Every structure is written in structure tokens, then in C-alpha cells.
Amino acid sequence: MIYKDDPSAIAGFLEDTSNLKSGRTPGVFFPESCEEVAQLLRSAAADGRRYTVAGNGTGTTGGRIPLGDYVISMQKLDRIGEVEPVEGGLAVIRVQAGALLQDVQAKAASEGWFYPPDPTETSCFIGSTVANNSSGSRSFRYGPTRAHVRAIRVALPQGDLLEITRGGCIAGADGSFHLDLPVAGKLRFLRPEYSMPATSKHNAGYWSTPGMELIDLFIGSEGTLGIIVEAELLLRPMPEKVIACLVFFRREEDLLLFVEEARKGSGGVRPRAVELFDSRSLEFLRQSYPQVPEKTAGAIYFEEETTEEAEERCMEGWLELMESCGAPTEQSWAALDSEGLSRLREFRHRLPVLVNEWLSRQAESKVSTDMALADARFRELFELYRDSCNREGFTYIIFGHIGNAHLHLNILPRDRAEFDRAKRLYRQLVTEVLSMGGTLSAEHGIGKLKSEYLVQMYGQSGMREMVRVKKALDPYLVLNIGNLIPESFYESET
Ligand SMILES: Cc1cc2nc3c(=O)[nH]c(=O)nc-3n(C[C@H](O)[C@H](O)[C@H](O)COP(=O)(O)OP(=O)(O)OC[C@H]3O[C@@H](n4cnc5c(N)ncnc54)[C@H](O)[C@@H]3O)c2cc1C
């Protein structure tokens, strides 16, 4: 197994897109098989080592940044298996954790299949998307990664390699799981008792529902319970056609009405994505796209799957909806083929990229939210963000998955004083969204940056329940310490 400890080789492993600067590690291991991953963990306690798992570094919460621990890079485990049709008109593909999402999608597409999860950044590793239950614009229709995973192979913290299939291990009536493992022996633990928020997207803390499956505990656990080494993913038949459109609005009220009607399926529309760009996001994008219309209150991007035969009817439904909501249809950008679709998707992807470029020239980091409310409350979330930032006089943008009432607010502070005020506002917004029954994170996860707010979400007792699960599987605390659970909880909990 390759091991590197020279500063130039490890520098890249001390960062992701969070701007967290405190990363440090003695060195990075590059296992080339699942068994090698398990071996590292098997001897971790005896070797006095802790490990942080690294995907491809596109995470936004510092999850892969080691704070003194060794790193296990998943880079070399990048094998993509063959597509195999299964029951129900679906197919599966088995992939190793370090395969790039975009390569898996391309392989599926080359054989006429479709893998729906689409975090905007497709250069992430599949294993990370499972560990983080990543989602994206298409989650409006298809749900997050969790809904598309049929099995996982996990290297557990004590060094067992465990295959977990959907339907293969379900919690007992008392919420308990029982495992009998070659290395760790007999384990019994209870799922956390907290209730989860009533949002359609949620990725904060361990998944926990009555009668839940073991596989769902691992999906979204951000590498704290085990290292995903392989996953079997469900594929759907590639839709015959996809149309997409970016609709600009002159009035915010019209835009919000359009979202409301599109979500309801008015006029027969059936979107698979409904995404927002507020007016400030469009200002940002104008740097790269000068053709963005002036005096625009915001834009909605939507996608719908259709067929050659139904395409015209589908477009008519959308046009009627746009007109009934006062959109200047002649200004809209429509995509009716795959090239047009790629261009519009590139437009979407360009926004966070431009923001990150802008930030790299600033002294201060952005303060960003990933919270969501119950779907029907998208207006409240938008207005809460907009009004709070206007009151403070901040430079900010609001964009993202409005169809799921999941919006990203990015506050862009100009100096330290403004950064401190933005952090204060962030704390207030967390309190407000949680009091409205929302979630702290709908997709990016908690990592190291947001663990203190997770305590606010689940309370001390909820955190202790998470610690009990963690300690049952990782009694020597060797894996991804600092992610999700603040370290102080390990000291106080036995
Ligand atoms: C421009 C941009 C847009 C984005 N848009 C979205 C979006 O729309 N939706 C969304 O959900 N996310 C989005 N993200 C976040 C990010 O792409 C996802 O979180 C992705 O899953 C991270 O993958 P990675 O390989 O880069 O992981 P890394 O950043 O390297 O790691 C992320 C976390 O996963 C853990 N991990 C990595 N591999 C494994 C493994 N095999 N087993 C267990 N734990 C592991 C790490 O320890 C870390 O905690 C975006 C990021 C960027 C930069």
C-alpha cells in the first residue's frame, strides 16, 4: 500500500471547499483493495492511530480534513463494474468508493441507464456521496442518494468488512440492531430515539426511524460509523428526452407563484427539478453570462422528462404556466436537446464556482446555510433569508433547491466585523428554522463546521444517543473523529 508523508503530497488532503485552515496529518495511506482498508482499521487501536477518510475534497464542511489524524484516501479504489438488469425494469451497478460520480453516470448512460443523484459538483467520489447521502436538483423527483443504494460494503472501525443489503437487516421493535462479527464479536445497539424533521431532504446526524434498516444508518453517517468501500447502485432506464428551461421573472411574487404551481403540477407539468436563482445570484452570473436580462427579480430553472411524442404537449403546459404567472416567456432560455441541457446545467454549476472564486480573493470566508423546511414552506424560508440579510445590509445570494424548500443562503462578508455579524445572524437563522421544524442540513452534512449546531437540533440527549451508536461500532474512537459529534461528547459519555 502506498503511504506518503512529504508535505507536497499531503497538502491537498488538508483542504476541501470549506476554507477550514486547521488541517494537519502525519501522512496519507492509499489502499488498493477493500481488504487493505479493513487492515488499516484492524490495527488502528494497537498502532495508536486514528484515521480520517478522504474522498475527492469537494465537501463543504471540513469532513475530510484531518485534525492531526492519519488520512485514508479512497482514490485507488475506483473500479466500476458492469451494469446488470434486475427485476422491476431497473438495473444495478457495483462500484468501488473512489469511482467518480461522473464516470459512473457516464458508464450507466452509455448502456441506456440513468443514475439520478446529481450533486452539482460531479467530480466527487461515489463512496462520499453515499457517506453524505448527497442530493441535488433531481432529488425533487428522485430523492437523495439513499433512495438509489441497494447494498453497501463497509469497513467497520474494528476492521470487519460487512456487506449490508437493503432489506437484509432491520431494527427490532425496540429499535435495536444485533451484529455478530468476526473481529468485533457480538454487538447490540439502539437506534437514536430522536424524531427526524418533516422535510423532504435531511442530512444532519444519524438516520433514525421506527423499523429502519441498518443500511440507512450508514448512509449519511459521514464516515463516522465505517468506511464505505463499495456500493451497489440502482439505475433507471434513461429517459427518452429531457427538456429544461431557465425562466426569468420581473417580480418576485410571480416567481414564487410559479414555484407553487409547478410543485402542484398545475397544467399537467411534472418537473424533476425546480431551482431558484435570486436577483443577486443572477448579478454574479452576469460576469460570465452578460446576456442575463437586466432588471430581473430572479429566475427558476426546471427540468422535465418527456418523450419525442409528448414533448410538444409538455412544453405547452410549461408555457401556459409561465404566462399565467406573468413570466416574460420571450426572455426564457429553453433547452430541448442534450447540448442545450448541458449548457443550462453549466450555468447552474457556474454560480457556486464564481462565488468560490470571488471568495478566494477576499480576506473573509462566506457564511452559508444548507437548511430546509417542509416543502410547502419554501416562501417562508426565502423571505426569512431575504429579509434578515436586507435588514443587516449584507452582500448575499440565495439559490438552490426551492422545490424542496431547501435554499442556500451565502452571505459574503467584506471584513471581519461583517463576518462576525453574519455568524450571529446564522445562529439566529438556525434557531428560527429549527423552531419551524426544519433541518440544519438538507444535503451538505455537518462535518466539522456545523457540529455545534447539531447539538442545538437534537439536544444533549439526542447527541448522547448518537454517541452510543458511534461507540458501539467504534469503541476505540479511531474513525473520522470530529465529524458530526463534538469531541467533548466522547469525554462525557461512557
Ligand atoms: C460547487 C459545489 C456544489 C455542490 N453541490 C452539492 C449538491 O448539490 N448536493 C450535495 O449533496 N452536495 C453538494 N456539494 C458537496 C459535495 O460535492 C458532496 O458532499 C460530495 O459527496 C463530496 O464528495 P467528495 O468525494 O469530494 O468527498 P470529500 O469532501 O473528500 O469528503 C466528504 C466527507 O465524506 C467522508 N467520506 C469520503 N469518502 C468516504 C467513504 N468512502 N466512506 C465513508 N466516508 C467517506 C469524508 O470523511 C468527509 O467527511 C457541492 C460541492 C461543491 C464544491
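## With respect to the pattern of salt bridges
Thinking step 1. A complete count under the given rule lists 38 salt bridges for this structure.
Thinking step 2. Among the salt bridges present, the one from Arg 188 reaches Asp 174, with a minimum N-O distance of 3.2 Å. Separated by 14 residues along the polypeptide, Arg 188 in strand S11 (residues 185-190) and Asp 174 in the loop between strand S9 (161-165) and strand S10 (176-181) bring together distant segments of the chain.
Thinking step 3. By relative accessible area, which is 49% here, Arg 188 ends up partly exposed.
Thinking step 4. Here the residues in one salt-bridge network are Asp 118, Arg 138, Arg 141, Arg 272, Glu 303, Glu 305 and Arg 345, joined through shared partners.

## Some words on the sheet that holds strand S15 (residues 298-306)
Thinking step 1. Taken in spatial order, the seven strands of this open sheet run S16-S13-S15-S14-S18-S19-S17, and their pairing is antiparallel. At either end of the open sheet lies a strand with only one pairing partner, and these are strand S16 (333-335) and strand S17 (367-368).
Thinking step 2. Examined bridge by bridge, strand S14 (residues 271-278) and S15 share seven bridges and lie antiparallel to one another. When the sheet's bridge partners are listed, Pro 271 is paired in S15 with Glu 304.
Thinking step 3. Against the sheet, helix H12 (residues 378-392) makes contact with S14, strand S18 (396-401) and strand S19 (406-411), and its axis sits at roughly 10° relative to S19, the strand it touches most.

## Concerning the site of the ligand
Thinking step 1. With respect to spatial proximity, 34 residues lie near the ligand, and among them Val 53, Asn 56, Thr 58, Ser 128 and Ser 135 are the closest.
Thinking step 2. For the ligand, an oxygen atom lies 2.8 Å from a polar atom in the backbone of Gly 57.
Thinking step 3. Within the contact set of the ligand, an oxygen atom lies 3.1 Å away from a side-chain nitrogen or oxygen of Asn 483.
Thinking step 4. Computed on the free molecule, the ligand has an accessible area of 1,000 Å², of which 97% lies beneath the protein chains in the complex.
Thinking step 5. Mapped onto the shell around the ligand, the elements with two or more residues apiece are helix H5 (126-131) and strand S12 (227-237).
Thinking step 6. Per-element accounting of the shell around the ligand gives the leading share, four residues, to H5.
Thinking step 7. A per-class count over the shell around the ligand returns ten nonpolar, 20 polar and four charged.
Thinking step 8. For the shell around the ligand, the domains that each give at least three residues are domain 1 (2-73) and domain 2 (80-237).

## Quick notes on the environment of Tyr 142
Thinking step 1. The topology assignment puts Tyr 142 in helix H6 (residues 139-142).
Thinking step 2. Put simply, Tyr 142 and Tyr 115 are 27 residues apart on the chain and 9.9 Å apart in space, counted from C-alpha to C-alpha.
Thinking step 3. When neighbours within four sequence positions are excluded, Tyr 142 is seen to be in contact with Phe 114, Pro 116, Ala 147, His 148, Arg 236, Arg 272 and Glu 305.

## Quick notes on the side chain of Arg 138
Thinking step 1. Note that Arg 138 resides in the loop between H5 and H6.
Thinking step 2. Overall, Arg 138 belongs to the buried group, its relative accessible area being 9%.
Thinking step 3. A polar side-chain atom of Arg 138 sits 2.9 Å from the main-chain carbonyl oxygen of Pro 116.
Thinking step 4. In this structure Arg 138 touches Gln 105, Phe 114, Tyr 115, Pro 116, Pro 117, Asp 118, Gly 143, Arg 272, Ala 273, Glu 303 and Arg 345, once residues within four positions along its chain are discounted.

## A word on the sheet that holds strand S4 (residues 70-73)
Thinking step 1. In spatial order, the strands read S1-S2-S4-S3; together these four strands make up an open sheet with mixed pairing. Of all the strands in the sheet, just strand S1 (2-4) and strand S3 (51-54) have a single pairing partner and so form its edges. The average angle at which neighbouring strand axes cross in this sheet is 25°, direction not considered.

## As for the packing of helix H8 (residues 252-264) against helix H10 (residues 311-324)
Thinking step 1. Interhelical geometry of H8 versus H10 gives an angle of 145° and a closest axis separation of 9 Å. By crossing handedness, the relation of H8 to H10 is classed as right-handed. Where H8 abuts H10, its residues Phe 258, Glu 261 and Ala 262 lie against Trp 318, Leu 321 and Met 322.
Thinking step 2. Classifying every residue of the contact of H8 with H10 by side-chain character gives five nonpolar, no polar and one charged.

## A closer look at the pairing of S18
Thinking step 1. Of all six residues in S18, six are buried, a share of seventy percent or more.
Thinking step 2. By the bridge criterion, two bridges tie S14 to S18 in an arrangement that is antiparallel. Paired with Phe 277 across the strands is Phe 399, a residue of S18.
Thinking step 3. Examined bridge by bridge, S18 and S19 share six bridges and lie antiparallel to one another. Residue pairing for S19: Tyr 396 is matched across the bridge by Ile 411.
Thinking step 4. Here S18 folds back onto S19 in antiparallel fashion, the turn holding four residues, of which Ala 405 has a positive phi close to 50°.

## With respect to the nonpolar core
Thinking step 1. Membership of the largest hydrophobic core comes to 107 residues, with the highest contact counts inside it found for Ile 152, Leu 214, Phe 258 and Trp 318.
Thinking step 2. For this core, the element with the most residues is helix H14 (residues 451-473), which contributes eleven residues.
Thinking step 3. Each of domain 2 (80-237) and domain 3 (241-435) gives at least three residues to this core.
Thinking step 4. Aside from chain neighbours lying at most four places away, what touches Phe 258 is Val 247, Phe 249, Ile 300, Phe 302, Trp 318, Leu 321, Met 322 and Cys 325.
Thinking step 5. Membership of the second largest hydrophobic core comes to 25 residues, among which are Phe 248, Leu 282, Tyr 289 and Ala 299.

Analysis parameters
Residues numbered from 1 in each chain as written. Predicted model: local features only at pLDDT ≥ 70, side-chain atom pairs only at ≥ 80, totals over all residues. Heavy atoms only, no water. Salt bridge = Lys/Arg side-chain N within 4 Å of Asp/Glu carboxyl O. Helix = DSSP H or I, 4+ residues; strand = E, 2+ residues; numbered from the N terminus. Buried < 20%, exposed > 50% of the residue type's maximum accessible area, 1.4 Å probe, protein only. Pairing = 2+ DSSP bridges. Contact = heavy atoms within 4.5 Å. Axes fitted to C-alpha atoms, helices over the stretch in contact; angles between N-to-C directions. Near = heavy atom within 4 Å. Polar contact = N/O pair within 3.5 Å; in protein donor to acceptor, adjacent residues only side chain to side chain. Areas by Shrake-Rupley, 256 points an atom, 1.4 Å probe, with all protein chains shown as cover. Nonpolar A, V, L, I, M, F, W, Y, C, P; charged D, E, K, R; others polar. Domains from an automatic or database assignment. Left-handed = near helix turned anticlockwise from the far one by under 90°. Core = buried A, V, L, I, M, F, W, Y, C linked by side-chain atoms within 4.5 Å.

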